[in-house]
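# Survey of secondary and tertiary structure
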Amino acid sequence: MKQLPFLLILVLFFAACQGDSKQKSTTTTPKPAVKKIPIPRFDRELAYNFVAKQVEFGPRVPNTEAHKATKNWLVGQLKEHGATVIEQDFKATAYTGTVYNSTNIIGQYNPTAKKRILLAAHWDSRHIADNDPDPNKQKLHVDGADDGASGVGVLLEVARNLKTLPANMGVDIIFFDAEDNGISGGTKPEDSYTWCLGSQHWAKNLHVGGYKPKYGILLDMVGAKSPRFKKEGYSMGNAPNIVNKVWKLAAEMGHGNYFTDERGGAITDDHRMVMEFAKIPMIDIINMPNDEEPVFVNHWHTSNDNMENINKRTLGAVGQLMLAVIYNEAMGKF
Ligand code: AHN
Ligand code: ZN
């Protein structure tokens, strides 16, 4: 659908609750106090292109040329969209013994503002498609169109909007590296720490001392058609109020069919590490459409996690929700 220029600014109306039923019908009813919060329009076409561009570099497996090229592009994009960027380089030793040259990419808006929120996604892609039904494909690198690039693409479009209409608070966008090289189906507790190496490093080595955003929101696999974003276990354990506020806002925006009122299992993901090691409350928006293991989308960790499984409507719903959170929060209305 072609968007008209006058639709650029969406306005969300907040009517003050007029709960007084005893009001006499003869008195002139005062106009309800209406506060308008301008929220820019999230462009899902641009978000889709941001996802496609990452995938075009090739699988973003650490130590590959595609990984390096994508990093440079992401840093350039965040700068172009007005962020102050920090590249946090580190070496991550995977469970295989491979040492990955890795980089967390941190884009800051209003770096000195005290009040801030954190938005994140992982930008690397998995080294093996070990969930592929075809044994011949299980050693392939994964495109990670959904698993990785979708969250990053949404946040790049959020970044573009933050330049167009600066928010009255700080926002940090972090692209974590080396999230996706863990042991699949691991049973020992320590196996879970083979995942999320970038967020583990960042949470133990914050880019600024005393960094304390109000909360964080992680986007992981937010690109598939007809998603089921259940209320994830660690998020509900550590930041239930944030989950419930985000899900309520999503329902108000007409996305209750995506942001379902269901409890999902606890998923080891970057938000868990941020909560565990940096003590920052953080939630995960992650698609869990299956009721049986693996709970993730069928293309998860397969050669089918490609652009064919990316849906613009889903990107748009998640992105517009993120903008609503940001601009409402900035106005003290969240
Ligand atoms: C586990 O399977 C333990 N965690 C999944 C986290 C993940 C992988 N998110 C995306 N890819
Ligand atoms: Zn993954």
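As shown above, the structure is provided for reference.
Residues numbered from 1 in each chain as written. Chains lettered and ligands numbered in written order. Predicted model: local features only at pLDDT ≥ 70, side-chain atom pairs only at ≥ 80, totals over all residues. Heavy atoms only, no water.

## Focus: the coordination of the zinc ion (ligand 2)
- The protein atoms donating to the zinc ion (ligand 2) are D147 (OD), D180 (OD), D180 (OD) and H301 (NE2), with metal-donor distances spanning 1.9 to 2.4 Å.
- Within one chain, the residues serving as donors to the zinc ion (ligand 2) are arranged as D-x32-D-x120-H. Residue D147 is located in helix α3 (residues 145-164), and its partner D180 is located in the loop between β6 (170-176) and α4 (197-204); the two are separated by 33 residues in the primary sequence.
- Relative accessible area serves as the criterion here: at 3%, D147 is assigned to the buried category.
- On the basis of relative accessible area, D180 is assigned to the buried category, the value being 2%. (Donors = N, O, S within 2.8 Å, 3.2 Å for Na, K, Ca; no water. Helix = DSSP H or I, 4+ residues; strand = E, 2+ residues; numbered from the N terminus. Buried < 20%, exposed > 50% of the residue type's maximum accessible area, 1.4 Å probe, protein only.)

## Some points on the packing of aromatic side chains
- In the structure shown here, the tally under the stated rule is nine aromatic pairs.
- A centroid spacing of 4.7 Å and a plane angle of 50° characterise the contact between F296 and W300, whose relative ring orientation is tilted.
- An aromatic cluster is present here, built from F50, F57 and W73 joined pairwise through their rings.
- If you follow K204 out to its NZ or CZ, it ends over the ring of F277, 4.3 Å from the centre.
- Directly above the ring of Y48 sits K312, whose terminal nitrogen or CZ lies 4.7 Å from the centroid. (Phe/Tyr/Trp six-rings, centres within 6.5 Å; stacked < 30°, edge-to-face > 60°. Lys NZ or Arg CZ within 6 Å of the ring centre and 35° of its normal.)

## With respect to unusual backbone geometry
- Here E293 and P294 are connected by a cis peptide whose omega angle stands at -10°.
- Looking at where P294 falls in the secondary structure, it is placed in the loop between β8 (282-286) and α8 (312-330).
- The phi dihedral of A178 falls on the positive side, at around 50°, and the residue is not glycine.
- One can find A178 in the loop between β6 and α4.
- The residue M221 is not glycine, and still its phi comes out positive at about 60°.
- Along the chain, M221 turns up in the loop between β7 (216-220) and α5 (233-238).

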